[in-house]
Amino acid sequence: MTHVSPARKQSGTTLYGGSGSRRITVRDIAAAKERGEKWPMLTAYDAMTASVFDQAGIPVMLVGDSMGNCHLGYESTVPVTMDEIALLSAAVVRGTRRALIVADLPFGSYQEGPVQALRSATRLVKEAGAGAVKLEGGERSAHQIELLVQSGIPVMAHVGLTPQSVNAFGGYPVQGRGEEAAQQLLRDAKTVQDAGAFAVVLELVPAELAAEVTRSLHIPTVGIGAGPDCDAQVLVWTDMAGMTDGRVPRFVKQYAQLRQSLGDAARAFAEDVVGGAYPAEEHSFH
């Protein structure tokens, strides 16, 4: 990886740690790949959380259909609708100033073909203000990617484990194991690059294969459970911050325990109310 000097950071040319008032664009993403800069991406689903991440310098945020699991109470991403993605994407855009906002195309919004994909993506760009969209699939989604890019909509692709296909996969298995599967994943990644995608997510892919894909592409790879050699890394923010209840995937590192902290705060508030300690005189009007 190319060393990023403090001077370059101060000049605002880096994605993470850079400065500036304009939105990050796909050209900035491409430039980061050229100079060997690694960068972080987090999911976001509301304006307040997005503003925290924006102020922390997170350069790219994904309004993921992962909202189905961690925000809307669904058992998978499959039930998430265009209305839900559009509503929450608009909130994230309003809560940010610098980050590139990528909105997911949910299941059923692009599988019919390129025209349906363009209609759905156009809505997210026009109504929500998203700077790019993400869709799942390699070779099977190439024509959708081509039309979106030709129409002026940047596309982040997603290969490997594609959660919208959970019913076909029968769960969430690691992808690309074995020579045939590895070659198919490599073909998928090269196909979405050739179709015009500006980046590709690699999910639940053996680290060695993800490294090979990263070396083979001129667009950035974004890893999630794909080892350390991808150009970028993404996590679902509720996993990253310890908000998720129960077990989290093996690839997740928790950087806080917000579920415990929030629960502690709620219990302290409740005890103050029950005990008469809140509201106190300083919280009252006369």
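Residues numbered from 1 in each chain as written. Predicted model: local features only at pLDDT ≥ 70, side-chain atom pairs only at ≥ 80, totals over all residues. Heavy atoms only, no water.

K.L.:
Even after reading the chapter, I still don't get the sheet that holds strand S1 (residues 39-43), so can you show me in this structure?
P.N.:
Hydrogen bonding along the main chain pairs the strands of a sheet, whether they run parallel or antiparallel. Pairing is parallel around the closed barrel formed by eight strands, whose spatial order is S1-S2-S3-S4-S5-S6-S7-S8. Adjacent strand axes in the sheet meet at a mean angle of 25°, parallel and antiparallel pairs treated alike. Here strand S3 (residues 100-104) pairs with strand S4 (residues 132-136) via three bridges, running parallel. Bridge pairing links Val-102 to Ala-132 in S4. Contacting strand S2 (60-63) and S3, helix H5 (residues 82-94) runs over the sheet at an angle of about 170° to S3. (Pairing = 2+ DSSP bridges. Helix = DSSP H or I, 4+ residues; strand = E, 2+ residues; numbered from the N terminus. Axes fitted to C-alpha atoms, helices over the stretch in contact; angles between N-to-C directions. Contact = heavy atoms within 4.5 Å.)

K.L.:
Is there a simple way to think about the packing of aromatic side chains in this case?
P.N.:
How two aromatic rings sit relative to each other is set out by the distance from centre to centre and by the angle between their planes. According to the stated counting rule, one finds two aromatic pairs in the structure shown. Aromatic pair Phe-53 and Trp-237: ring centres 5.9 Å apart, planes at 70°, arrangement edge-to-face. With a gap of 184 residues between them, Phe-53 in helix H3 (residues 47-55) and Trp-237 in helix H11 (residues 237-240) connect regions that are remote in the sequence. For Phe-53, a relative accessible area of 9% gives the class buried. (Phe/Tyr/Trp six-rings, centres within 6.5 Å; stacked < 30°, edge-to-face > 60°. Buried < 20%, exposed > 50% of the residue type's maximum accessible area, 1.4 Å probe, protein only.)

K.L.:
Can you walk me through the pattern of salt bridges in this structure?
P.N.:
All chains considered together, the criterion is met by eight salt bridges. Of the charged contacts in the structure, one is a salt bridge between Asp-28 and Arg-22, with a shortest N-O distance of 2.8 Å. On the basis of relative accessible area, Asp-28 is assigned to the buried category, the value being 17%. Residues participating in the shared-partner salt-bridge network are Asp-83, Arg-123 and Glu-127. (Salt bridge = Lys/Arg side-chain N within 4 Å of Asp/Glu carboxyl O.)

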